[in-house]
Amino acid sequence: MRNQQSTQGILSIIALVCLAAGWFNLFSPEINTLLSRRIFYILIGASFFLQAPYLKNKNFTYAMYAAAVICVLGGLLIPIGSRMESLKTIGLLGGIILSFTSRPTYRQ
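Residues numbered from 1 in each chain as written. Predicted model: local features only at pLDDT ≥ 70, side-chain atom pairs only at ≥ 80, totals over all residues. Heavy atoms only, no water.

Draft legend 1. Just helix 1 (residues 2-23), in detail. Helix length check: helix 1 (22 residues) gives 32 Å between terminal C-alpha atoms against 32 Å at 1.5 Å per residue, within 8%. Among the residues of helix 1, Gln4, Gln8, Leu11, Ala15, Cys18, Leu19, Ala21 and Gly22 are the ones counted as buried. Projected onto a plane normal to the axis of helix 1, the buried residues spread over an arc of 165° and lie on a single side. Relative to its buried face, helix 1 has exposed residues pointing more than 90 degrees away, namely Arg2, Ile10, Ile13, Leu16, Val17 and Trp23. On its buried side, helix 1 packs onto helix 2 (29-51). In the stretch just after helix 1, Asn25 is the one whose phi turns positive, near 50°. (Helix = DSSP H or I, 4+ residues; strand = E, 2+ residues; numbered from the N terminus. Expected span 1.5 Å × (residues − 1). Buried < 20%, exposed > 50% of the residue type's maximum accessible area, 1.4 Å probe, protein only. Arc of directions from axis to C-beta. Contact = heavy atoms within 4.5 Å.)

Okay, structure coming up:
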């Protein structure tokens, strides 16, 4: 479990670096687009794949896998600038919502 959390954290940090590089135009326009509109979604989808087996509710597990597939396939297959690009964002938001709603609650 600890190794999985470390791997997921590293993937998420790399994804955020890709997103920031694309936003702040650190490289050529082609590289910025590749980082912020493709690599970011692929890395976040991989992070969702790692998180899915550890969710408490099985229905959330399947939904997290669906969000991961949407992010990864969207990052790989959806052309940049098409109307289908919002599908990647829906997968991203779904995965984020699922990860927050399925967190264990600690009470003291």
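Draft legend 2. Broad picture of the confidence of the model for the protein chain. Averaged over every residue, the pLDDT of the protein chain is 89; residues scoring 70 or more account for 94%. Looking across the protein chain, the model is least confident in helix 1, with a mean pLDDT of 89, and most confident in helix 3 (residues 58-77), with 94. (pLDDT = per-residue confidence, 0-100.)

Draft legend 3. Inspection of the environment of Gly22 at higher detail. Relative to the elements of secondary structure, Gly22 occurs in helix 1. Spatially, the C-alpha atoms of Gly22 and Phe40 are 9.5 Å apart, while their sequence positions differ by 18 residues. Not counting the four nearest positions on each side in its chain, Gly22 is found in contact with Asn32 and Ser36.

Draft legend 4. Structural detail: the nonpolar core. Of all hydrophobic cores here, the largest spans 19 residues; its most connected members are Phe40, Ile44, Phe48, Met64 and Leu92. Tallying contributions element by element places helix 2 first for this core, with six residues. When sequence neighbours within four positions are dropped, the list of residues in contact with Phe40 reads Ala15, Leu19, Leu35 and Leu92. (Core = buried A, V, L, I, M, F, W, Y, C linked by side-chain atoms within 4.5 Å.)

Draft legend 5. The arrangement of helix 4 (residues 85-101) in detail. Relative to the 24 Å expected for 17 residues at 1.5 Å per residue, helix 4 spans 25 Å between its end C-alpha atoms, a close match to the ideal helical length. For helix 4, the full list of buried residues reads Glu85, Lys88, Gly91, Leu92, Gly95, Leu98 and Ser99. Angularly, the buried residues of helix 4 cover 150° about the axis, an arc narrow enough to put them on a single face. The outward face of helix 4, more than 90 degrees from its buried face, is lined by the exposed residues Ile90, Ile97 and Phe100. Its buried side turned inward, helix 4 meets helix 2 and helix 3.

Draft legend 6. Spatial organisation of the pattern of salt bridges. Using the criterion set out here, one finds two salt bridges in the structure. The salt bridge partner of Glu85 is Lys88, with a shortest N-O separation of 3.4 Å. Of this pair, Glu85 and Lys88 both sit in helix 4, three residues apart, roughly one helical turn. Of the two residues, Glu85 and Lys88, neither departs from the other in class, the shared state being buried. Ionic contacts of the salt-bridge type, sharing partners, join the residues Arg37, Glu85 and Lys88 into one network. (Salt bridge = Lys/Arg side-chain N within 4 Å of Asp/Glu carboxyl O.)

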